[in-house]
Amino acid sequence: MIADFGDLFRVSLASAALLFEIARADYDTSDAELTALREMLLQRYQLSEADVDELMAMARDEVEDAVDHYQFVSLIKDHYGYDQRCELVALMWQLAWADGSVDALEEHRIRRLADLLHVSHSDFIRTKLLTEERTNQNG
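1. As for unusual backbone geometry
The backbone phi angle of Tyr27 is positive, close to 65 degrees, even though this residue is not glycine. Tracing the backbone through its elements, the reader meets Tyr27 in the loop between α1 (7-23) and α2 (31-45). Judged by relative accessible area, Tyr27 falls into the exposed class, the value being 72%.

2. Quick notes on the layout of surface pockets
Considering only enclosed or pocket space, the largest pocket measures out at about 150 Å³ in volume. Around the largest pocket, the lining residues are Ala36, Glu39, Met40, Gln43, Arg44, Glu87, Leu91, Gln94 and Leu95. The dominant element in the lining of the largest pocket, judged by the number of residues it contributes, is α2, at 5 residues. The class makeup of the residues in the lining of the largest pocket is 4 nonpolar, 2 polar and 3 charged.

3. Notes on the pattern of salt bridges
On inspection of all chains with the given rule, the structure shows 8 salt bridges. Two residues, Arg109 and Glu21, come together in a salt bridge whose shortest N-O distance is 2.2 Å. Of this pair, Arg109 sits in helix α6 (residues 104-116) while Glu21 sits in helix α1; the two residues are 88 residues apart in sequence, bridging distant segments of the chain. Across the pair, Glu21 and Arg109 agree in class, each one buried. Of the charged contacts in the structure, one is a salt bridge between Glu87 and Arg44, with a shortest N-O distance of 2.8 Å. In this pair, Glu87 is assigned in helix α5 (residues 82-97) and Arg44 in helix α2, connecting sequence segments 43 residues apart. On the basis of relative accessibility, which here comes to 42%, the residue Glu87 falls in the partly exposed class. Overlapping salt bridges bring together Glu21, Arg24 and Arg109 as one network.

Rules behind the numbers
- Residues numbered from 1 in each chain as written.
- Predicted model: local features only at pLDDT ≥ 70, side-chain atom pairs only at ≥ 80, totals over all residues.
- Heavy atoms only, no water.
- Helix = DSSP H or I, 4+ residues; strand = E, 2+ residues; numbered from the N terminus.
- Buried < 20%, exposed > 50% of the residue type's maximum accessible area, 1.4 Å probe, protein only.
- 1 Å grid on protein atoms, 1.4 Å probe; cavity = no way out; pocket = protein on both sides within 12 Å on 5 of 7 lines; lining within 4 Å.
- Points joined across faces, edges and corners; volume = space filled by probe spheres on them.
- Nonpolar A, V, L, I, M, F, W, Y, C, P; charged D, E, K, R; others polar.
- Salt bridge = Lys/Arg side-chain N within 4 Å of Asp/Glu carboxyl O.

Listed below in structure tokens is the structure:
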């Protein structure tokens, strides 16, 4: 079971919640997106598979209960530097591409979250294009 390590845990949960928000943005959370999210969390936080499953469930519950994104975004802005926030936006793009295409609703949600995270429009576009290029090379 995931122990609550204070800020580290809360920031991990906030990041996972924002990523989960992208997976459900088009109202069709595919198995490919859930698998990609799981892999991202395994690599990013180096948790056990059971802990990642628990983190994903908690993130899903947080997103479903949240009125807005403020609680997640403010925590990330307080604890992540600019480069880390750009990396999170890049992960959002990777997740959006996990099912083979980016839905307009996913793109809109990523744009909105990037703005809330104070990621510049040029970095929003840069992460989008890099992810799209990598996806096309691998696909």
